[in-house]
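Notes for the structure review
Now for the letters of each chain:
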Amino acid sequence: MDEVRGVIAGAKAAELERNCVPPDTPGHPRKDHSVLQCLHVILKEEWQHHRYAVRYLEVLEKRPR
């Protein structure tokens, strides 16, 4: 997350609007996306991972020992 935080903190509007061309390999998007769109995807995925980790931690903490 430190890398993402550094990119976001130092990003200028022009950089966030720059298009990224995905590689021509399976599993990648077929169209270009802006840096901002890519960051949104990363942050959304990280948030979901965090939510599941917290939920499972709560379940594990409630289990009898």
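An account of the accompanying structure is given in this report. Being a predicted model, the structure only gives us computed values, none of them experimental.

Turning our attention to the layout of surface pockets. When its volume is computed, the largest pocket comes out at roughly 170 Å³. Considering the residues around the largest pocket, the lining is formed by Cys 20, Val 21, Pro 22, Pro 23, His 28, Pro 29, Lys 31, His 33, Gln 37, Cys 38 and Val 41. A per-class count over the lining of the largest pocket returns seven nonpolar, three polar and one charged.

The term disulfide refers to a covalent linkage connecting the sulfur atoms of a pair of cysteines. Considering all chains together, one arrives at zero disulfides under this definition. The structure places no disulfide on Cys 20, whose sulfur is separated from the nearest cysteine sulfur, that of Cys 38, by 4.5 Å.

Among the structural elements, Ser 34 can be located in strand S2 (residues 33–34). The exposure class assigned to Ser 34 is buried, which follows from its relative accessible area of 11%. Non-local contacts of Ser 34, meaning those with residues more than four positions away in its chain, are made with Leu 16, Glu 17, Arg 18 and Asn 19.

As a further point, take the packing of aromatic side chains. Considering all chains together, one arrives at one aromatic pair under this definition. Between the NZ or CZ atom of Arg 51 and the centre of the ring of Tyr 52, over which it lies, the distance is 6.0 Å.

Turning our eyes to something else, we now look at the environment of Leu 16. Here Leu 16 is to be found in helix H2 (residues 13–17). The class of Leu 16 is partly exposed, set by a relative accessible area of 22%. Distance in space between the C-alpha atoms of Leu 16 and Leu 36 is 4.9 Å, their sequence separation being 20 residues. Sequence-distant contacts of Leu 16, that is, excluding residues within four places in its chain, are made with Ala 11, Ser 34, Val 35, Leu 36 and Leu 39.

The final tally for this structure, using the stated rule, is one salt bridge. Between Glu 15 and Arg 18 there is a salt bridge, and its shortest N-O distance comes to 3.0 Å.

Criteria and thresholds
Residues numbered from 1 in each chain as written. Predicted model: local features only at pLDDT ≥ 70, side-chain atom pairs only at ≥ 80, totals over all residues. Heavy atoms only, no water. 1 Å grid on protein atoms, 1.4 Å probe; cavity = no way out; pocket = protein on both sides within 12 Å on 5 of 7 lines; lining within 4 Å. Points joined across faces, edges and corners; volume = space filled by probe spheres on them. Nonpolar A, V, L, I, M, F, W, Y, C, P; charged D, E, K, R; others polar. Disulfide = S-S within 2.5 Å. Helix = DSSP H or I, 4+ residues; strand = E, 2+ residues; numbered from the N terminus. Buried < 20%, exposed > 50% of the residue type's maximum accessible area, 1.4 Å probe, protein only. Contact = heavy atoms within 4.5 Å. Phe/Tyr/Trp six-rings, centres within 6.5 Å; stacked < 30°, edge-to-face > 60°. Lys NZ or Arg CZ within 6 Å of the ring centre and 35° of its normal. Salt bridge = Lys/Arg side-chain N within 4 Å of Asp/Glu carboxyl O.

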